[in-house]
Amino acid sequence: MSLVGPISSVVVAGIAVLFYIVSTATNYWVVISARGAKTYYGLWESCCENVYGVSVCATLPDSILKGYMEAARGLMLTALIVAGIIWILAFVALIGKGTGRAQHSIFKYFTKRFWTINGMIFCVTGLLVLIGTSVYAGETNKDLSGGVDYSFGYSIILGWISIPFGVVAGAMLIYFFPAMRDDAYDNM
């Protein structure tokens, strides 16, 4: 079997994980503009930028932290951690196949069922991000609908863009990695 499919799976999964990281870690989920100044919020910090472009950031205080923000944090972190672990496992399996070390003891646990389950779980990470970003966007819309000039920033948009990457990466893991198993591991 050619390694093009498994390599593509690892690349798409890596892009999904990278997007999860950037979306979760950056502070541009919501941008509020007023009189030339900007305030932008992420899951962890809020920042104020004055008309001269100078920004001051601070951790979100508990007084403004709401349940939907905590839910979005939890869902994004869960997706990120789970997808990151599966991506590392796929990368290690791919390296093992590429170097001819597939017969070593760790690789015997990478069965067809293992990759099918991990592919399904990777798809679920896309669902977690979908729920987290949608709940955050919906509740933010309710909170700020009273005449505040706001927009969604690149952080939440990158979260939305990462959803198809997560689902496609999961489907690719389900399809390509068990097939790689047939070639690499049958002689064990």
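Notes on the structure in this doc start here.

On to the pairing of strand 3 (residues 45-49). As paired elements, strand 2 (residues 37-41) and strand 3 share 4 bridges and run antiparallel to each other. Bridge pairing links Thr39 to Cys48 in strand 3. Taking the residues between adjacent antiparallel strands as the criterion, strand 2 and strand 3 are bridged by 3 residues. Relative to strand 4 (residues 55-59), strand 3 is paired through 5 bridges, and the arrangement is antiparallel. Bridge pairing in strand 4 places Glu49 opposite Ser55. Linkage of strand 3 to strand 4, two consecutive antiparallel strands, is achieved through a turn of 5 residues, within which Gly53 is found at a positive phi near 85°.

On to the pattern of salt bridges. In total, this model carries 2 salt bridges according to the counting rule given. Across the salt bridge formed by Asp143 and Lys66, the nearest N and O atoms sit 3.0 Å from each other. Taken together, the residues span a long stretch of sequence, with Asp143 in helix 3 (residues 112-143) and Lys66 in the loop between strand 4 and helix 2 (67-99) at a distance of 77 residues. On the accessibility criterion, Lys66 (37% relative accessible area) is partly exposed.

The subject of this paragraph is the nonpolar core. Tyr20, Phe122, Tyr136 and Phe177 are the most contacted members of the largest nonpolar core, which totals 37 residues. For this core, the secondary structure elements donating two or more residues are helix 1 (4-25), strand 1 (30-34), helix 2, helix 3 and helix 4 (154-185). What Tyr136 contacts, discounting residues up to four positions off in sequence, is Trp29, Val30, Tyr41, Gly42, Leu43, Tyr68, Met69, Ala72 and Ile156.

We now examine a nonpolar patch on the surface. Together, Val124, Leu127, Leu130, Ile131 and Val135 give the surface a local cluster of nonpolar side chains, amounting to about 380 Å² of exposed area. You can see Val135 is positioned in helix 3.

In this structure, strand 1 lies alongside strand 2, joined through 5 bridges in antiparallel fashion. Pairing of Val30 across the sheet is with Tyr41, part of strand 2. Counting the residues in the hairpin turn of strand 1 and strand 2 gives 2 residues, including Arg35, whose phi is positive at 50°.

As a further point, take the state of the cysteines. Here the structure, examined in full by the defined rule, presents 1 disulfide. Linked covalently through their sulfurs, Cys47 and Cys57 form a disulfide whose S-S length is 2.0 Å. With the S-S dihedral at roughly 110°, the linkage between Cys47 and Cys57 falls on the right-handed side. You can see Cys47 sitting in strand 3 and its partner Cys57 sitting in strand 4, a full 10 residues away along the chain. Here Cys48 stays free of any disulfide, with the sulfur of Cys47 as its closest cysteine sulfur at 7.6 Å.

On to the packing of helix 1 against helix 3, then. It is the contact of helix 1 with helix 3, at a shortest axis distance of 12 Å, that shows an interaxial angle of 30°. By the angle class used here, helix 1 and helix 3 are roughly parallel. By crossing handedness, the relation of helix 1 to helix 3 is classed as left-handed. From helix 1, Ala13, Ala16, Val17 and Tyr20 reach across to helix 3, where they touch Phe122, Thr125, Gly126 and Val129. Grouping the amino acids of the contact of helix 1 with helix 3 by side-chain chemistry returns 6 nonpolar, 2 polar and no charged.

Here is what the cut-offs are and how they apply
- Residues numbered from 1 in each chain as written.
- Predicted model: local features only at pLDDT ≥ 70, side-chain atom pairs only at ≥ 80, totals over all residues.
- Heavy atoms only, no water.
- Pairing = 2+ DSSP bridges.
- Helix = DSSP H or I, 4+ residues; strand = E, 2+ residues; numbered from the N terminus.
- Salt bridge = Lys/Arg side-chain N within 4 Å of Asp/Glu carboxyl O.
- Buried < 20%, exposed > 50% of the residue type's maximum accessible area, 1.4 Å probe, protein only.
- Core = buried A, V, L, I, M, F, W, Y, C linked by side-chain atoms within 4.5 Å.
- Contact = heavy atoms within 4.5 Å.
- Patch = residues over 30% accessible without salt bridge, like charges linked within 9 Å, V, L, I, M, F, W, Y side chains within 5 Å.
- Areas by Shrake-Rupley, 256 points an atom, 1.4 Å probe, with all protein chains shown as cover.
- Disulfide = S-S within 2.5 Å.
- Axes fitted to C-alpha atoms, helices over the stretch in contact; angles between N-to-C directions.
- Parallel < 35°, antiparallel > 145°, perpendicular 65-115°, else oblique.
- Left-handed = near helix turned anticlockwise from the far one by under 90°.
- Nonpolar A, V, L, I, M, F, W, Y, C, P; charged D, E, K, R; others polar.

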